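The chain contents come next:
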Amino acid sequence: MRIDMGNMLPKEPASRRITGDTQFMFQFYKPCIQFYAPGSQTGVFMRRERLQSSLVVALHACPLLFGKFSIGPDSSIHLVYSPETPNPPTVEFQNLPITYAQLKAGGFAYSLAKQHGIDMDIPDGAITRAFDKPMLMIKVSYLADGGVAVFNMSNHVAFDGNAIFSFIAHWARCNSRPQSQLMTSLPPELESYETSMVTNTENEPAQGPVEISVDASTAPRELIMQTTKSVAPEDICACIFEISTADVARLKQHVVDSGVLKQGEWVSSNSVLTAFIAQCVARANTDGQVYDIGDWTVFQSLDMRRPMGLPLGGLGSPIILAEYQASISEIMDPEKLPELARHVRKTVDGYSGEYLQNAMDWMNSTYGRMAKSGVAEPWRHFWFTALNTNRRAVGVSCMNQIPIYEADFGAGRPAMARSFNPRPNYVIVFPGPPLSSA
């Protein structure tokens, strides 16, 4: 059901160009479920009427959540909001016979929640001239013992995890306050970029970045077939691995104490986690004979705004996957973890603002050239090579700083959040629940 904003619909139009970074390579919806434990205040603060009312207030300050994709004559893509033709988010409410206790006993497994209809069908996120699916979809499920599950998914082309969970936390703050104190200002995390990454669409560097490939000679569907290993559905497993922050700290200290770091070098927790996960995934896939034994390509996500000197807040998904070619010994030998972590960190540090700007120039000039030559849907032809399942590669994105547990609607923070990644060969690290909810 499309949400009825009444007279709270944003008054001013808004627009943002989205082909200026790597967003058009993330054409999918990202789902998440936040689980709230039963309690005396849950029924008060999370009743349907209150949630609907506060959602309207929260959305009032976020016009781009009412946007539609607009494709220009030059195939440039904008997310555009017009008060005359809004594309409102959807919200659904339902009562379910399953209990919070049963979901908790099942480990809050996404598959169990899906079995009971807590989630929603994920639409195709591809950009087309007729595309007007909502940018945001929400479903609230009231459980039989008083618990609540809040499902949301947003179009990743327009909004990354930090942006959408900042919005959910914004909605929760609106909901937790009395009507007289409801907030209408926009959180800084949800502001649009003030600086565009599109600086030069005519300059095409001689060579594009190795992490990104483009193929305009093959139809998008054929390209997908070529770059995806055929796997039978029964062979696909979705697993949740949990690691404590204390264990992450111990892994990092192990790397520091190993002596592999040279003078002035350092490693981040994210680089250590990336190395650890890459080793686990590679060994499991090799032992399971999914891939032959050999070298692996390891990718760690990198927010381009930092080395490019741009503001870190705002909507969008300005990431690139920093690529490192790991030797067979680094990837298969647990004792080589410190070396792998060091090399991953050095790879990330090697991405200068100049390199990334050249990458953006290459992407935008290549995109423009393809559009001018009549290539249909040029945004579909750009690929992160990390997502090619026919090669030994694994990408890791550490999202441990996103405010997924800040969504306190007035009855307490979520006790657990669950999601899954529809991309193969790509692991997303989510933060765990606060200790009080464990």
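The following paragraphs examine the structure supplied in this document. (Residues numbered from 1 in each chain as written. Predicted model: local features only at pLDDT ≥ 70, side-chain atom pairs only at ≥ 80, totals over all residues. Heavy atoms only, no water.)

## Remarks on the overall build of the protein
Okay, so step 1: If you tally the helices and strands in the protein, you get 12 helices and 14 strands.
Okay, so step 2: The buried share among the 438 residues of the protein stands at 52%.
Okay, so step 3: Here the contacts in the protein between residues at least 6 apart in sequence split such that 80% fall between residues at least 24 apart. (Helix = DSSP H or I, 4+ residues; strand = E, 2+ residues; numbered from the N terminus. Buried < 20%, exposed > 50% of the residue type's maximum accessible area, 1.4 Å probe, protein only. Contact = heavy atoms within 4.5 Å.)

## Re the packing of aromatic side chains
Okay, so step 1: For the structure on display, the rule yields 9 aromatic pairs.
Okay, so step 2: Judged by centre distance (5.7 Å) and plane angle (75 degrees), the rings of tyrosine 36 and phenylalanine 409 are edge-to-face. On the criterion of sequence distance, the pair formed by tyrosine 36 in strand 2 (residues 29-36) and phenylalanine 409 in the loop between strand 12 (393-398) and strand 13 (416-419) is long-range, its members being 373 residues apart.
Okay, so step 3: Residue tyrosine 36 is classed as buried on the basis of its relative accessible area, which comes to 2%.
Okay, so step 4: Grouping aromatic residues by their ring pairs yields a cluster made of Phe35, Tyr100 and Phe108. (Phe/Tyr/Trp six-rings, centres within 6.5 Å; stacked < 30°, edge-to-face > 60°.)

## Details of the sheet that holds strand 7 (residues 148-155)
Okay, so step 1: Ordered in space as 5-6-7-2-13, the 5 strands form an open sheet in which the pairing is mixed. Each edge of the sheet is formed by a strand with only one pairing partner; in this case those strands are strand 5 (90-95) and strand 13. Each strand axis lies, on average, 15 degrees off the axis of its neighbour in the sheet, ignoring direction.
Okay, so step 2: Bridge count between strand 5 and strand 6 (residues 136-142): 6 bridges; the pairing is parallel. (Pairing = 2+ DSSP bridges. Axes fitted to C-alpha atoms, helices over the stretch in contact; angles between N-to-C directions.)

## Some thoughts on the nonpolar core
Okay, so step 1: If you look at the biggest cluster of nonpolar residues, it comprises 97 residues, and the most contacted ones within it are Phe35, Leu59, Phe167 and Trp171.
Okay, so step 2: Among the elements that line this core, the one with the most residues is helix 5 (residues 161-176), at 8 residues.
Okay, so step 3: Ala278, Tyr324, Ala326 and Ala341 belong to the second largest nonpolar core, which has 20 residues in total. (Core = buried A, V, L, I, M, F, W, Y, C linked by side-chain atoms within 4.5 Å.)

## Observations concerning the sheet that holds strand 4 (residues 77-81)
Okay, so step 1: Taking strand neighbours across the sheet as the criterion, the 3 strands line up as 1-4-3 in an open arrangement whose pairing is antiparallel. Every interior strand has two partners, whereas the edge strands, strand 1 (14-17) and strand 3 (68-71), have only one. When the angles between neighbouring strand axes are averaged without regard to direction, this sheet yields 30 degrees.
Okay, so step 2: Summarising the sheet, strand 3 and strand 4 pair through 4 bridges and their orientation is antiparallel.

## Brief notes about unusual backbone geometry
Peptide bonds are, in most cases, trans, and in most cases residues other than glycine have a negative phi.
Okay, so step 1: Located in the positive-phi region is phenylalanine 108, a residue other than glycine, with phi close to 55 degrees.
Okay, so step 2: Among the secondary structure elements, phenylalanine 108 is positioned in the loop between helix 3 (100-105) and helix 4 (110-115).
Okay, so step 3: What makes phenylalanine 108 buried here is its relative accessible area of 6%.
Okay, so step 4: In this structure, glutamine 289 is a non-glycine residue whose phi angle is positive, near 60 degrees.
Okay, so step 5: Tracing the backbone through its elements, the reader meets glutamine 289 in the loop between helix 8 (269-287) and strand 9 (296-303).

## Describing the pattern of salt bridges
Okay, so step 1: The tally for this structure, following the rule as stated, stands at 8 salt bridges.
Okay, so step 2: A salt bridge links lysine 336 to glutamate 339, with the shortest nitrogen-to-oxygen separation between them at 3.6 Å.
Okay, so step 3: A relative accessible area of 25% means that lysine 336 is categorised as partly exposed.
Okay, so step 4: Its relative accessible area of 31% is what places glutamate 339 among the partly exposed residues.
Okay, so step 5: For the salt bridge of arginine 413 with glutamate 406, the shortest nitrogen-to-oxygen distance reads 3.8 Å.
Okay, so step 6: Note on arginine 413: relative accessible area 41%, which makes it partly exposed.
Okay, so step 7: For glutamate 406, a relative accessible area of 38% translates into the label partly exposed.
Okay, so step 8: Ionic contacts of the salt-bridge type, sharing partners, join the residues Glu265, Arg342 and Lys346 into one network. (Salt bridge = Lys/Arg side-chain N within 4 Å of Asp/Glu carboxyl O.)

## Here we look at the side chain of serine 268
Okay, so step 1: Its place among the elements puts serine 268 in the loop between helix 7 (245-257) and helix 8.
Okay, so step 2: With relative accessibility at 12%, the residue serine 268 sits in the buried group.
Okay, so step 3: Side-chain polar atoms of serine 268 contact the backbone nitrogen of serine 271, separated by 3.1 Å.
Okay, so step 4: Serine 268 has contacts with Lys252 and Arg345, leaving out every residue within four places of it along the chain. (Polar contact = N/O pair within 3.5 Å; in protein donor to acceptor, adjacent residues only side chain to side chain.)

## Let's talk about helix 7
Okay, so step 1: Here helix 7 spans 18 Å end to end across 13 residues, near enough to the 18 Å set by a 1.5 Å rise per residue.
Okay, so step 2: Turning to helix 7, its buried residues are Val248, Leu251 and Val255. Axial view of helix 7: buried residues confined to an arc of 60 degrees, hence all on one face. Residues of helix 7 that are exposed and point over 90 degrees away from its buried face: Arg250 and Asp257.
Okay, so step 3: Residues of helix 7 that are buried sit in contact with helix 8 and helix 11 (337-349).
Okay, so step 4: Glycine 259 occupies a position one or two residues after helix 7 and carries a positive phi of about 90 degrees. (Expected span 1.5 Å × (residues − 1). Arc of directions from axis to C-beta.)

## Section: the state of the cysteines
Okay, so step 1: Following the criterion strictly, the structure yields 0 disulfides and no others.
Okay, so step 2: We note that cysteine 62 lacks a disulfide partner, and the nearest cysteine sulfur, in cysteine 174, lies 8.7 Å from it. (Disulfide = S-S within 2.5 Å.)

## A few points about helix 5
Okay, so step 1: Look at helix 5: 22 Å from first C-alpha to last across 16 residues, which is about the 22 Å you get at 1.5 Å a residue.
Okay, so step 2: Along helix 5, 13 of the 16 residues are buried, which leaves the element largely enclosed by surrounding structure.

Any functional reading would require information that these geometric values do not contain.
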